[in-house]
Amino acid sequence: MLEIKNLSKTYEQKKFLKTTRLKVLTNINLYIKQGEIWGLVGESGSGKSTLARIIAGLEAPDTGSIVLENKTISFPRKSMPHIIQMVFQDPLSSLNPKQKIKNILDEPLKLNTNYPHKKRLQIIKSWLKNVNLLEESLEKYPHQFSGGQRQRIALARAFILQPKLIILDEPVSALDVSVQAQILLLLKQLQKQYKTTYLFISHDLAVIRYLATKVAVIYKGHILEQGLANEIFSSPAHPYTKLLLSCAPKLKGKISRILFKKHTKISSHQNICPFVDKCPVKKEQCLQNIPKSIQLSSTHSYVCLYK
Ligand SMILES: Nc1ncnc2c1ncn2[C@@H]1O[C@H](COP(=O)(O)OP(=O)(O)OP(=O)(O)O)[C@@H](O)[C@H]1O
Ligand SMILES: [Mg+2]
């Protein structure tokens, strides 16, 4: 349903009087089929949210293309609420504080359907039920709910038009662990029921392992490895993925907090492996040569010079 081909993105960064270009995404390729749950895992600053925003149409890539439902998307483009919805980390800032829940949930229906008020209200009530909130929530404002409840509201809003794809950008990272588990369970149940495709972004491997059927590992804007979740977790191939898994005993660790081997060398060669300066198994050739994509199965591949 979604094909991302050779997508790259740079940002201009201004420091004092100097403007530099920061390459945030490099040659991203992903093929997401209807009904799959993709986990995109990577540390802070690796480009996860940038990729999410580009897919959602909130930003344009520099190069590359996105084919959605067999149509190539042009940029800038209007949102496609029936096809893609997004859920963010912090529901308090993504829900309008001045609107009652009934209006927050009514907005997508009002803007994108011709349903009369009665039918819209019926749908809103059924979605409140689907996310386990009481009907009395309708007359309340976002600040009157807990973080977990607010994320349930954000989920109801994302699901209400029954989109094909929902991009979830760290949707449980701001919640307590027990609340995280409830929201993850709800996400799993809703996906099973509506067969929605998910692109689930997280820096938490435990969360990815619980939910995802496919995994892409991103590092400094490069996808270093991708495959079925069980391939990635049972036989990781890229040194970075191996390190991530070994640094997350019992998969409870948060990779953004993990400190790798100290930065040793930055190479001026642009196309060499982005992980070379921190790779525990790097060889001399890694500083000279462009890594290759190695296909381990029809679903599992990684980018490295070595098998
Ligand atoms: N609008 C922008 N202008 C300039 N630089 C940006 C902009 N948005 C993001 N960046 C930079 O791009 C890089 C990738 O950012 P991004 O938000 O995509 O990372 P992320 O993987 O989502 O990180 P996190 O886990 O912290 O959310 C970072 O270095 C960030 O500072
Ligand atoms: Mg982010």
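Residues numbered from 1 in each chain as written. Chains lettered and ligands numbered in written order. Predicted model: local features only at pLDDT ≥ 70, side-chain atom pairs only at ≥ 80, totals over all residues. Heavy atoms only, no water.

The chain is annotated in an unreviewed UniProt entry as Peptide/nickel transport system ATP-binding protein of Desulfonauticus submarinus.

On the secondary structure map, serine 74 appears in the loop between β5 (71-72) and β6 (84-87). Separated by 17 residues in sequence, serine 74 and glycine 57 place their C-alpha atoms 9.1 Å apart. (Helix = DSSP H or I, 4+ residues; strand = E, 2+ residues; numbered from the N terminus.)

What follows is about the site of ligand 1. Near ligand 1, the surroundings consist of 14 residues, among which Ser44, Gly45, Lys48, Ser49 and Thr50 are the closest. Within the side chain of serine 49, one N or O atom sits 2.8 Å away from an oxygen atom of ligand 1. Between ligand 1 and threonine 50 there is a distance of 2.5 Å, counted from an oxygen atom to a side-chain nitrogen or oxygen. In isolation ligand 1 exposes 640 Å². Once the protein is present, 64% of that is buried. Only β1 (2-15), β2 (18-32) and α1 (48-55) provide two or more residues apiece to the shell around ligand 1. In terms of residue count, α1 provides more of the shell around ligand 1 than any other element does, four residues in total. Here the residues of the shell around ligand 1 sort into three nonpolar, seven polar and four charged. (Near = heavy atom within 4 Å. Polar contact = N/O pair within 3.5 Å; in protein donor to acceptor, adjacent residues only side chain to side chain. Areas by Shrake-Rupley, 256 points an atom, 1.4 Å probe, with all protein chains shown as cover. Nonpolar A, V, L, I, M, F, W, Y, C, P; charged D, E, K, R; others polar.)

Turning next to the nonpolar core. One finds Leu187, Tyr198 and Val215 to be the most contacted residues of the largest nonpolar core, which totals 59 residues. The element that contributes the greatest number of residues to this core is helix α5 (residues 147-159), accounting for six residues. Dropping the residues within four chain positions of it, valine 215 is found in contact with Trp38, Gly39, Val41, Ile208, Glu225, Gln226, Gly227, Ala229, Ile232 and Phe233. By size, the runner-up hydrophobic cluster in this structure holds 28 residues, among which are Leu30, Trp38, Ile73 and Ala216. (Core = buried A, V, L, I, M, F, W, Y, C linked by side-chain atoms within 4.5 Å. Buried < 20%, exposed > 50% of the residue type's maximum accessible area, 1.4 Å probe, protein only. Contact = heavy atoms within 4.5 Å.)

This part covers α5. Residue pairs spaced three or four apart in an α-helix point in one direction, given the helix's 3.6 residues per turn. Its 13 residues give α5 an end-to-end C-alpha distance of 18 Å, which sits within 8% of 18 Å, the value for a rise of 1.5 Å per residue. Listed in full, the buried residues belonging to α5 are Gly148, Arg150, Gln151, Arg152, Ile153, Ala154, Leu155, Ala156, Ala158 and Phe159. (Expected span 1.5 Å × (residues − 1).)

The next point concerns the UniProt feature "domain: ABC transporter" (unreviewed entry) in the chain. This chain's UniProt record puts "domain: ABC transporter" (unreviewed entry) on residues 2-245. End C-alpha atoms of residues 2-245 are separated by 28 Å, and the span's content is 36% helix alongside 29% strand. (UniProt positions renumbered as here; feature names shortened; annotations may be inferred.)

With that settled, the discussion passes to the sheet that holds strand β11 (residues 292-295). Sheet strands line up and pair through hydrogen bonds in the backbone, either parallel or antiparallel. Strand order in the open sheet formed by eight strands is β6-β7-β8-β3-β9-β10-β12-β11, with mixed pairing between adjacent strands. Looking at strand neighbours, the two that pair on one side only are β6 and β11, the edges of this open sheet. With strand direction ignored, the average angle separating the axes of adjacent strands in the sheet is 20 degrees. Across four bridges, the pairing between strand β3 (residues 37-41) and strand β9 (residues 214-219) is parallel. Bridging across to β9, leucine 40 finds its partner in alanine 216. Packing of helix α6 (residues 177-194) onto the sheet brings it into contact with β3, β7 (165-169) and β8 (197-202), and relative to β8 it is tilted by some 160 degrees. (Pairing = 2+ DSSP bridges. Axes fitted to C-alpha atoms, helices over the stretch in contact; angles between N-to-C directions.)

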